[in-house]
Amino acid sequence: MSPQEMKKRLEAQFPNDKVDVMDLTGGQDHYEVYVKSAQFEGLSRIERHQKVMEIFSEELKTGEVHALSIRTEI
Amino acid sequence: MNEDLKKKIEDIIAQDKVVLFMKGTPQFPQCGFSARAVAILNELGASFASFNVFDDENVRQGIKEFSNWPTIPQLYIDKKLIGGSDIMLEMYETGEFKELL
């Protein structure tokens, strides 16, 4: 999955929020993403991460995305 | 997920206060994120049980469905999913982790 595609998906879920995507290895399968959104209000750390991971559940299942580090902020 | 697999996962989680589902073993982690998870637990001097998901493909896939968390490692404390290695790192840095142990 390309960084652009990943960013597009995140922006669709988190419209006009701050979203960053970093390809950690250049291999397009180890990513770190940062999302700052009011949607995380009242969610525990794990719930926030699950909310982001769900967007890529298919790619994580197939291994197209092997690793996804997540940093969130409200 | 069938009942036996669910029961097996529950038994693994129940075997200790702190249980880490990981790739490889604490002595020989076979993935960077699993290695980081082990390092954090060792740094905190936490005693923990671990399960090598490479030993059982059913558990390796089942745990992801069980916890609605698609990656390994997964850390459980008092049978509750805490998270993967990023959450462990974040909580280690904020000092929250110590309170859970």
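Please read all numbers here as calculations on a predicted model, not as lab measurements. (Residues numbered from 1 in each chain as written. Chains lettered and ligands numbered in written order. Predicted model: local features only at pLDDT ≥ 70, side-chain atom pairs only at ≥ 80, totals over all residues. Heavy atoms only, no water.)

Engineer: Hey, could you go over the sheet that holds strand E3 (residues 67-73) of chain A for me, with residue numbers and the actual values?
Structural biologist: All names here are of chain A. As summarised here, the arrangement of the three strands in space is E1-E2-E3, forming an open sheet in which the pairing is mixed. The sheet is open, and its two borders are formed by strand E1 (18-23) and E3, each paired with just one other strand. Across the sheet, the mean angle separating the axes of adjacent strands is 15° when strand polarity is ignored. Inspection of the sheet shows E1 paired to strand E2 (residues 30-36) by six bridges, in the antiparallel sense. By the bridge assignment for E2, Met22 is matched with Glu32. Where helix H1 (residues 3-13) meets the sheet, it contacts E1, E2 and E3, and its direction lies at approximately 155° from that of E1. (Pairing = 2+ DSSP bridges. Helix = DSSP H or I, 4+ residues; strand = E, 2+ residues; numbered from the N terminus. Axes fitted to C-alpha atoms, helices over the stretch in contact; angles between N-to-C directions. Contact = heavy atoms within 4.5 Å.)

Engineer: Tell me about the packing of aromatic side chains, residues and numbers included.
Structural biologist: All names here are of chain B. Under the defined criterion, the tally for this structure stands at three aromatic pairs over all chains. An angle of 70° between the planes, with centres 5.5 Å apart, marks the rings of Phe21 and Tyr76 as edge-to-face. Taken as a pair, Phe21 in strand E1 (residues 18-22) and Tyr76 in strand E3 (residues 74-77) lie far apart in primary sequence, 55 residues in all. Here Phe21 falls in the buried class, since its relative accessible area comes to 0%. Joined through ring pairs, the aromatic side chains of Phe21, Phe51 and Tyr76 make up one cluster. (Phe/Tyr/Trp six-rings, centres within 6.5 Å; stacked < 30°, edge-to-face > 60°. Buried < 20%, exposed > 50% of the residue type's maximum accessible area, 1.4 Å probe, protein only.)

Engineer: Describe the nonpolar core, listing the residues and the values that go with them.
Structural biologist: Buried together is how nonpolar side chains tend to be arranged in soluble globular proteins. Among the nonpolar cores identified, the biggest contains 50 residues, and Met6(A), Leu10(A), Leu68(A), Phe21(B), Leu41(B), Leu75(B) and Phe97(B) are the most heavily contacted of them. Per-element tally for this core: the top contributor is E1(B), with five residues. Not counting residues up to four positions away in its chain, the partners in contact with Leu41(B) are Val18(B), Leu20(B), Ala46(B), Phe48(B), Leu75(B), Met88(B) and Phe97(B). (Core = buried A, V, L, I, M, F, W, Y, C linked by side-chain atoms within 4.5 Å.)

Engineer: So what about the pattern of salt bridges? Which residues, and what values?
Structural biologist: All names here are of chain A. With the rule as written, the count across this model stands at 13 salt bridges over all chains. A salt bridge links Asp20 to Lys18, with the shortest nitrogen-to-oxygen separation between them at 3.1 Å. For Asp20, a relative accessible area of 33% corresponds to the partly exposed category. What makes Lys18 partly exposed here is its relative accessible area of 45%. Close ionic contact of Glu73 with Lys36 constitutes a salt bridge, the shortest N to O distance being 3.9 Å. In this pair, Glu73 is assigned in strand E3 and Lys36 in strand E2, connecting sequence segments 37 residues apart. Accessibility expressed as a relative area gives 36% for Glu73, which makes it partly exposed. Bridged by salt links that share partners, the residues Glu5, Lys8, Arg9 and Glu59 form one connected network. (Salt bridge = Lys/Arg side-chain N within 4 Å of Asp/Glu carboxyl O.)

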